[in-house]
Amino acid sequence: VELVVGKFEDTLHSIPYDGKYSIAFVDCDLYKSAKVALDYLKNKMAEKSPIFIHDYALQEDWGIYQAVNEFDYNKDKIKIITNLDKMTVHSRTPK
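Residues numbered from 1 in each chain as written. Predicted model: local features only at pLDDT ≥ 70, side-chain atom pairs only at ≥ 80, totals over all residues. Heavy atoms only, no water.

### Remarks on the environment of V4
Alright, step 1. Among the structural elements, V4 can be located in the segment before helix 1 (8-11).
Alright, step 2. Taking the C-alpha atoms as reference, V4 lies 8.3 Å from I15; in sequence the two are eleven residues apart.
Alright, step 3. Setting aside residues up to four positions removed in sequence, V4 forms contacts with T11 and I15. (Helix = DSSP H or I, 4+ residues; strand = E, 2+ residues; numbered from the N terminus. Contact = heavy atoms within 4.5 Å.)

### Digging into the confidence of the model for the protein
Alright, step 1. Looking at the protein as a whole, its pLDDT mean stands at 82, while 87% of the residues score no less than 70.
Alright, step 2. Mean pLDDT across the elements of the protein bottoms out in strand 3 (residues 78-81) (85) and peaks in helix 2 (residues 31-41) (92). (pLDDT = per-residue confidence, 0-100.)

### Details of the pairing of strand 2 (residues 49-53)
Two faces, one strand: in a regular strand the side chains alternate between the faces of the sheet.
Alright, step 1. Counted residue by residue, strand 2 has five buried out of five residues, so it is predominantly covered.
Alright, step 2. By the alternation rule, side chains of strand 2 split into S49, I51 and I53 and P50 and F52, which are all buried.
Alright, step 3. Across three bridges, strand 1 (residues 24-26) lies against strand 2 in parallel orientation. Pairing of V26 across the sheet is with I53, part of strand 2.
Alright, step 4. With helix 2 bridging strand 1 and the parallel strand 2, this β-α-β connection has right-handed handedness.
Alright, step 5. For strand 2 and strand 3, the ladder comprises four bridges, and the chain directions are parallel. Residue pairing in the sheet places P50 in a bridge with K79 of strand 3. (Buried < 20%, exposed > 50% of the residue type's maximum accessible area, 1.4 Å probe, protein only. Pairing = 2+ DSSP bridges. Right-handed = clockwise from strand over helix to strand, strands pointing away.)

### Focus: the environment of E2
Alright, step 1. By the secondary structure assignment, E2 is in the segment before helix 1.
Alright, step 2. Between the C-alpha atoms of E2 and I15, which are 13 residues apart in sequence, the distance is 9.7 Å.

Here it is as structure tokens:
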């Protein structure tokens, strides 16, 4: 895992990775940032991979809501998951 600091529009295309992502988590509230992130991921996701969207259902007037609803993608290839507010993810360290 590598953290890249900066705006999506300034950093995403500089990430040196030519493979496919098996999972993605988008956490941004502004329309422009969300659109840039989704457009970047559109052709970089592995078959049937999920893109988890944070804060989608909290405010319909937030940019993330609009960007996801406008996102044109192959629904057979990518799964958009927006109901994170009721989802819990657990991680365990092996003993």
